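Chain by chain, the residues:
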Amino acid sequence: VIVLGAAQFWGRPSPVLEARLGQARDLHADDVAPRIITVGGKQSGDITTETQAGKQWLVDAGVPAKAVTAVPTGRDTLSSLTAAAELMARKGWTSATIVTDPAHEARSLAMARALGIDAHGSPSRSGDGSRLTLDYVLREAGGLLWFWLSERRDVDQVVGV
């Protein structure tokens, strides 16, 4: 499972990130995957990273610490997934369930697959990010189009396509 980052405040996940982490915890408990990767860097002024806040939340929620790998890289979806893909390649892992918000799922899966991950989605079902507002859907549709028109070339160069 790869949990895409979202805001954290002084080490506490935002409601959006907490919903994603809850989804990942449930998937782990249901034996969907033996491990969880949290991703997300640090914004200016932060005392910790999204990934560290996420890992701590998961451990506090009962997921064994050894089952959670924190990747403290990434300021956006593509850089976070690139860091996760690099970790997965080093470990010989090939597939992942991507946990994010419903409107963000299509773009996240397209990026993960372009990076060589056999990716499947399991969007959060609660929290602010699970609401499909028109502006969120339009922003994500535009982001997916931008990925296919522009960023995909960069990914292809990274993975050697």
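Now for a look at the structure at hand. If you're wondering where the values come from, they're calculated on a predicted model, not measured in any experiment.

1. Notes on the sheet that holds strand β6 (residues 95-99)
The strand order across the open sheet built from five strands is β5-β4-β1-β6-β7, with neighbouring strands paired in parallel fashion. Of all strands in the sheet, those with a lone pairing partner are β5 (68-71) and β7 (118-121), marking the two edges. Sheet analysis places β6 next to β7, joined by four bridges and oriented parallel. Across the sheet, the residue bridging to S95 is D118, located in β7. Across the face of the sheet, helix α1 (residues 15-29) comes into contact with β1 (2-3), β4 (36-39) and β6 while running at roughly 140 degrees to β6. Here helix α3 (residues 77-91) sits on the sheet and contacts β1, β4, β5 and β6; the angle it forms with β4, its principal contact strand, is near 145 degrees.

2. What to know about a nonpolar patch on the surface
A cluster of nonpolar side chains, F9, W10 and I47, forms an exposed patch at the surface whose accessible area comes to about 420 Å². Along the chain, W10 falls in the loop between β2 (8-9) and β3 (12-13). Look at W10 and you get exposed, because its relative accessible area is 70%.

3. Focus: the pairing of β4
Each regular strand shows side chains that alternate between the opposite faces of the sheet. Side chains of β4 alternate between two faces, with I36 and T38 and I37 and V39 buried alike. Sheet analysis places β1 next to β4, joined by two bridges and oriented parallel. Residue pairing in the sheet places V3 in a bridge with T38 of β4. The pairing of β4 with β5 spans four bridges and is parallel. Bridged to T38 within β5 is A70.

Here is what the cut-offs are and how they apply
Residues numbered from 1 in each chain as written. Predicted model: local features only at pLDDT ≥ 70, side-chain atom pairs only at ≥ 80, totals over all residues. Heavy atoms only, no water. Pairing = 2+ DSSP bridges. Helix = DSSP H or I, 4+ residues; strand = E, 2+ residues; numbered from the N terminus. Contact = heavy atoms within 4.5 Å. Axes fitted to C-alpha atoms, helices over the stretch in contact; angles between N-to-C directions. Patch = residues over 30% accessible without salt bridge, like charges linked within 9 Å, V, L, I, M, F, W, Y side chains within 5 Å. Areas by Shrake-Rupley, 256 points an atom, 1.4 Å probe, with all protein chains shown as cover. Salt bridge = Lys/Arg side-chain N within 4 Å of Asp/Glu carboxyl O. Buried < 20%, exposed > 50% of the residue type's maximum accessible area, 1.4 Å probe, protein only.

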